[in-house]
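# Observations on the three-dimensional arrangement
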Amino acid sequence: MNPVNQSSPLTTALETVGAWVLAILWTLPLTYALWAAIHPSAYSADFVIDAPLTVENFVKAWNAAPFARYFLNTFLLVTMILAAQLVLCTLAAYAFARFDFYGRDVAFILVLLQLMIMPDVLIVENYKTMSALGIVDTIPAIGLPYMASAFGIFLLRQTFKTIPRELDDAARVEGAGPLQVLLKVYVPLAKPIYIAYGLVSISYHWNNFLWPLIVTNSVNTRPLTVGLQIFASSDQGIDWSVITAATLMTSAPLLIAFLLFQRQFVQSFMRAGIR
Amino acid sequence: MRYPKMKWLAPIVGAIIMAWTSNVTAADVELSFYYPVAVGGPITKIIDGYAATFEKENPGIKIKAIYAGTYQDTLVKALTAFKSGEPPDIAVLLSTDMFTLIDEDAITPFDGLLKTDTDKAWVKSFYPAFMENSQTGGKTWGIPFQRSTVVMFWNKDAFKAAGLPNKAPDNWDELVADGKKLTKSDASGNVSQWAIEIPSTGFPYWLFQGLTTANDVRLTNSAGTETYFDKPAVVQALQFWVDLSRKDKIQPAGTIEWGTTPKDFFERKTAIMWTSTGNLTNVKNNAPFAFGVAMLPAHHGRGSATGGGNFYLFKKMSDEKRATALKFVKWMTTPERAADWGIATGYVAVRPDAWETPAMKKYVADFPAAAVARDQLKYAVAELSTHDNQRVTKALNDGLQAALTGTKTPEQAMKDAQQEAARILHTYK
Amino acid sequence: MTQSSGQIAHGIDGGATKPLPHATSTGVTPLARPSGTRFRMTAHIHGWLLLLPSTVLLVTFTHFPAVTTIIDSFFSTPKGRRSAVFIGLDNYQAMLDDSVFWRALGNNIVYAASVVPLTIALALLMAIWINGKIAGRPFLRLSFFTPTVLPMIAVANIWLFFYSPGYGLLDQVFGLFGFASHNWLGNEHTALACLIVVAIWKDAGFFMIFYLAALQQMSPQLAEAAALEGASRWYFFRRITFPLLMPTTLFVLVNSIINTFRLIDHVVVMTRGGPDNTTALLLFYIYEVGFKFWDTAYAATLTVVLLALLAVLAIGQFVFLDRRIHYQ
């Protein structure tokens, strides 16, 4: 989208400088993390160019807490949640978009409620529920409150509604039942939405902290965020070198994925027409 | 109809089932054991090592050691597990959580299990200072394991540079006098080195007890039902702390972050720091200068609060399990093990005979600073502990922080804190 | 998405019950066509079946807890062997008397009122820059978006370093200019502001993407037409771009507000609510009360306040802002 009038070179130059300064400020925490992680503790606050490099911090961080297990837990958690969300939200969105049934509008409003009342604010009660179900300290317990995602239902319903009914009819003509229509017509056409939603969901749940903190007790279920916080909050004091090494380790998958796929990420949002 | 997405679920479900499965045989007695890690170092490895050794020496018993985070995290974890019906068998929790755990009906005292005379003597073999937070109502609820006190670390190089003799300040007046010499400003009048930092985030009350004990006043009664925050001696102690920043200008203003205080010390931002003896190994490894460890300075009295964690036995255990748990606790607190633990972590070995073991004697000979905390034990007092402990300490902590930031006067801050504490405790009287 | 929200405000989702102009000639009647009770029943049953799994989960983990939260707030906390007792409005009275609660509420409102407008403004600015002709756009986009993929709990530790007095990054930089070291997080005047900065930093890049998508959807003819009329950039932005972005702004607004109530990870790491509750946020206080003090009834009471606040905001947004949205 071009600016209406061409700005004067001075304005453009100023804006370029402004944008770059902001961008550099924005990446400062990550840059610092890199610095502190590859230099010994003594240099974590001392920015001399010729400070010695080391991988010791990563080794120390890896040995100090069972990060391998945490990675596995997080991976399982995120995958489980996304898979469930995709299935559940697709079905629900299809129902809202293409079926007329008693109580549909009321049901939809109730679904929308979850947009504002997220499971995160109901930690006390949800914890009681998990207790009653006997599944405290399990990975599914972390994921269950999030699996029926109002955001997902909303998004997919919106998308399904824009798919022309002619396609629906055409498939029906060929003898497809409702679920087959869903799978053959709606799901493929909504692919950009699925990708965008998937990326948001993975990112959100990889980084979620408070609810997993409350629900998990043991190493077997703890995700990375909780593990990182436990690891970082020693009474002994903060050693930024080791903490940033651990941070980089735990954020690396998402970061690398984003670096590799950022164009797809942005594009899928745009094609999804989310606005 | 085929549902392609289903294919992905199978391995996930399988993995989840695997994660749920335990590998304990039916014949083993399995003890679950929650412990916090409050100091740096490969603590989990050490604990796992102990568990493995115990299992080897005691076949048929399996120890499931679960690393639960800080003391705070571990308490939350243990209580949430207890409330959801699956308590751990043993946990290392703060000695001050004793009343909370009793009120939640979560723990059993050790007394029922200590039948023989040797058992009874065993309880008496720990330092009395540590037992103060471990016994109430005539019963023993906790056994000391990783205990500490506040000690004063001081930068010997900084003292020398300031022209001070090679010893730590011994009382409050000396602290202020030395402090004024140690505080250095640069050309533009900004302070480049402070004399002292007494951290005031996290658990300021614990460090505050180093000041109140030096002023010869207690903060609570031993039943944990009354607090004395607004006694004049307490207010005086707080005034002294506040004055260090405001009047004497030898301490940074505002609240001082607990987690960054050791780093401040290493970076020479402060010449003296008060912190847990659990930081000993950390300071030894990371301080780029000669340092000393000293008892907290005296005033009308001397001393520090004890700190750290005890072993607790949770309810809902069969008698056989309980006997096994006691065995484990005893094993973990033998003199040799207590010495080993103390050397590896910097905690104070919890029984006098641990200090007489050859390993410990050698360690102290090489590193005399390690014995300071032990020597301070004869002046040590119980850590602040009451019913509804978290709430009451929060009231006190808020008051301390309000005074240190200047939002309230020490008198007002302590009056409000006392009011709040009294309100919380009146149902326990 | 906002299209639908407009429709929600007006009630009915159009289209489903209108018969299509071209009736099928093969005899296969598509669903949702009310021609005969049998088909209507099938539609109802199918609809609810599709909805069932989601409904079960939503009710169990959103609606049911919301209701039990309200109920629990009228009872006392069960402790040990004592079970919960009905105490009416006692919890609410205690809450009104609780200065920490008022602190947390006030803090959260100030926090939200600061974070939301600034985040939106920055997100929009970033999107406009990236949509424009500035050099190095891929790097800019990457930089702005990176905070989103990092967990807050991790970056909070890094920000803790930035704010450390003396050798922290901020103080080092300010020191170069001769300013004194400042106790950023330990000072009751600056602590909350520090957290606000962290929150803005975390979210602006995420919302930038939405604005970017919307900007790129705008027809270039609009710009051409305005250029022909001789409109200035600012005029064009104010009268055309911004109004057209209103749906996106609504979406960003809603999510930004939710985040200011939902995300307290940085409080946990950086200040734990201090000094003296100047950075206590409502959800953090709920966590303390519920899981540190174990006073679950009082935590429920506080949660009711939080829910009420969110509900008011939701209604306010949809009713008030919806009026001012232009749809293409």
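Cut-off values and rules
- Residues numbered from 1 in each chain as written.
- Chains lettered and ligands numbered in written order.
- Predicted model: local features only at pLDDT ≥ 70, side-chain atom pairs only at ≥ 80, totals over all residues.
- Heavy atoms only, no water.
- Helix = DSSP H or I, 4+ residues; strand = E, 2+ residues; numbered from the N terminus.
- Buried < 20%, exposed > 50% of the residue type's maximum accessible area, 1.4 Å probe, protein only.
- Contact = heavy atoms within 4.5 Å.
- Areas by Shrake-Rupley, 256 points an atom, 1.4 Å probe, with all protein chains shown as cover.
- Buried area = accessible area lost by both parts, 1.4 Å probe.
- Salt bridge = Lys/Arg side-chain N within 4 Å of Asp/Glu carboxyl O.
- Phe/Tyr/Trp six-rings, centres within 6.5 Å; stacked < 30°, edge-to-face > 60°.
- Polar contact = N/O pair within 3.5 Å; in protein donor to acceptor, adjacent residues only side chain to side chain.
- Nonpolar A, V, L, I, M, F, W, Y, C, P; charged D, E, K, R; others polar.
- Core = buried A, V, L, I, M, F, W, Y, C linked by side-chain atoms within 4.5 Å.
- Axes fitted to C-alpha atoms, helices over the stretch in contact; angles between N-to-C directions.
- Parallel < 35°, antiparallel > 145°, perpendicular 65-115°, else oblique.
- Left-handed = near helix turned anticlockwise from the far one by under 90°.
- Expected span 1.5 Å × (residues − 1).
- Bend = angle between axes of the 7 residues up to and from the residue.
- pLDDT = per-residue confidence, 0-100.
- Patch = residues over 30% accessible without salt bridge, like charges linked within 9 Å, V, L, I, M, F, W, Y side chains within 5 Å.
- Pairing = 2+ DSSP bridges.

### Observations concerning the overall build of chain C
Helix and strand counts for chain C come out as 14 helices and 0 strands. Listed by position from the N terminus, the elements making up chain C come as α-α-α-α-α-α-α-α-α-α-α-α-α-α. Every one of the 328 residues in chain C was classed for burial, and the buried ones make up 58%. Nonlocal contacts in chain C, meaning residues at least 24 apart in sequence, comprise 66% of its contacts between residues at least 6 apart. With the model as given, the accessible surface of chain C reaches about 13700 Å², and the carbon-plus-sulfur share is 67%.

### A few points about the interface of chain C and chain A
Listed by partner, the interface residues are 120 residues for chain C and 113 residues for chain A. Here chain C meets chain A over a buried area of about 10500 Å², counting both sides, of which 73% is carbon and sulfur. Counting across the interface, chain C meets chain A through 2 salt bridges. Salt-bridge contacts for Asp120(A) lead to Arg262(C); the nearest nitrogen and oxygen are separated by 3.4 Å.

### With respect to the side chain of Asn208(A)
Secondary-structure assignment places Asn208(A) in the loop between α10 (191–206) and α11 (210–215). Its relative accessible area of 8% is what places Asn208(A) among the buried residues. The residues touching Asn208(A), leaving out its near neighbours within four places in the chain, are Asp120(A), Tyr146(A), Thr225(A) and Arg262(C).

### Focus on helix α9 (residues 204–214) of chain B
All names here are of chain B. Counting buried positions over the 11 residues of α9 gives 11, a clear majority of the element. For α9, the secondary structure elements touched by its buried residues are β7 (143–155), α8 (172–182), α10 (232–246), β10 (270–276), β12 (306–314) and α17 (389–405). Asp216 occupies a position one or two residues after α9 and carries a positive phi of about 60°.

### Quick notes on the packing of aromatic side chains
How two aromatic rings sit relative to each other is given by the distance of their centres and the angle of their planes. Counted under the stated rule, the structure contains 65 aromatic pairs over all chains. Ring centres 5.8 Å apart and planes at 90° place the aromatic pair Tyr127(A) and Phe291(C) in the edge-to-face group. Of the two residues, Tyr127(A) sits in helix α5 (residues 123–133) while Phe291(C) sits in helix α13 (residues 282–291), which places them in two different chains. By the burial criterion, Tyr127(A) is buried, and Phe291(C) matches it. Taking the centre distance of 5.2 Å and the plane angle of 85° together, the rings of Phe206(C) and Phe210(C) count as edge-to-face. In this pair, Phe206(C) and Phe210(C) are both assigned in helix α8 (residues 191–217), 4 residues apart and thus about one turn of the helix distant.

### Observations concerning the interface of chain A and chain B
Listed per partner, the contact involves 41 residues of chain A and 39 residues of chain B. Counting every contact that joins chain A to chain B gives 0 salt bridges. At the junction of chain A and chain B, the tally comes to 6 residue pairs in polar contact (both at pLDDT 80 or more). Listed by contribution, the elements that provide at least two residues to the side of chain A that touches chain B are α2 (56–64), α3 (67–98), α5, α9 (178–189), α11 and α12 (224–232) of chain A. A total of 8 residues in the side of chain A that touches chain B trace back to one element, the largest contributor, which is α3(A). Looking at side-chain class alone, the side of chain A that touches chain B contains 23 nonpolar, 15 polar and 3 charged residues.

### Thoughts on the nonpolar core
The biggest cluster of nonpolar side chains holds 296 residues, and the ones touching the most others in it are Phe160(A), Phe33(B), Phe314(B) and Met270(C). With 19 residues, the single largest contributor to this core is α3(A). Excluding anything up to four places from it in sequence, Met270(C) contacts Glu257(B), Ala156(C), Trp159(C), Leu160(C), Tyr163(C), Leu185(C), Leu195(C) and Val198(C). Within the second largest apolar cluster, 53 residues are counted, among which are Tyr205(B), Leu211(B), Leu404(B) and Ala413(B).

### Some points on the side chain of Thr301(C)
Residue and element names in this part refer to chain C. Structurally, Thr301 is set in helix α14 (residues 296–320). By relative accessible area, which is 0% here, Thr301 ends up buried. Filtering out sequence-adjacent residues up to four positions away, Thr301 remains in contact with Ser73, Asn91, Tyr92 and Met95.

### Looking at the packing of helix α4 (residues 99–131) of chain C against helix α5 (residues 137–149) of chain C
Helices that pack against each other are described as a pair by the angle of their axes relative to one another and the distance between those axes. Residues and elements named next belong to chain C. For the pair α4 and α5, interaxial distance at closest approach is 9 Å and the crossing angle is 160°. Relative to α5, the element α4 lies roughly antiparallel. The interaxial crossing formed by α4 with α5 has left-handed handedness. For the pair α4 and α5, the contacting residues are Met126, Trp129 and Ile130 in the first and Arg137, Leu140, Arg141 and Phe144 in the second. Split by residue class, the contact of α4 with α5 holds 5 nonpolar, no polar and 2 charged.

### As for helix α1 (residues 9–38) of chain A
With 30 residues, α1(A) ought to run about 44 Å at 1.5 Å a step, and its terminal C-alpha atoms sit 41 Å apart, in line with that. The sharpest bend along α1(A) comes to roughly 50°, located at Leu28(A), with the proline Pro29(A) sitting one to four residues further on.

### Observations concerning the confidence of the model for chain C
Residue and element names in this part refer to chain C. Counting all residues, the mean pLDDT for chain C is 82, and 84% of those residues have values of 70 or more. Within chain C, α4 carries the highest mean pLDDT (94), whereas helix α1 (residues 2–10) carries the lowest (35). Within the model, pLDDT remains below 50 along residues 1–35, and this stretch shows 61 contacts once partners closer than five positions in the same chain are excluded. With a pTM of 0.86, the predicted complex shows an ipTM of 0.86.

### Focus: a nonpolar patch on the surface
Together, Met41(C), Ile45(C), Leu49(C), Leu52(C) and Val56(C) line one region of the surface with nonpolar side chains, adding up to about 460 Å² of accessible area. The class for Met41(C) is partly exposed, based on a relative accessible area of 43%.

### Remarks on the packing of α10(B) against helix α18 (residues 410–425) of chain B
Residues and elements named next belong to chain B. Following both chains from N to C, one finds α10 and α18 inclined at 130°, their axes separated by 9 Å at the closest point. Judged by the angle between their axes, α10 and α18 are oblique. Regarding α10 and α18, the two cross each other, and that crossing is right-handed. Across from Val234, Val235, Leu238, Gln239 and Val242 in α10, the residues of α18 making contact are Pro410, Glu411 and Met414.

### Considering the pairing of strand β1 (residues 29–35) of chain B
All names here are of chain B. Of all 7 residues making up β1, 6 are buried, and the element is well covered by its neighbours. Sheet topology note: the β1/strand β2 (residues 61–67) ladder contains 7 bridges and is parallel. From the neighbouring strand, Tyr34 faces β2, where its bridge partner is Ile66. Here β1 runs beside strand β3 (residues 90–94); their pairing, made up of 2 bridges, is parallel. Paired with Phe33 across the strands is Ile90, a residue of β3.

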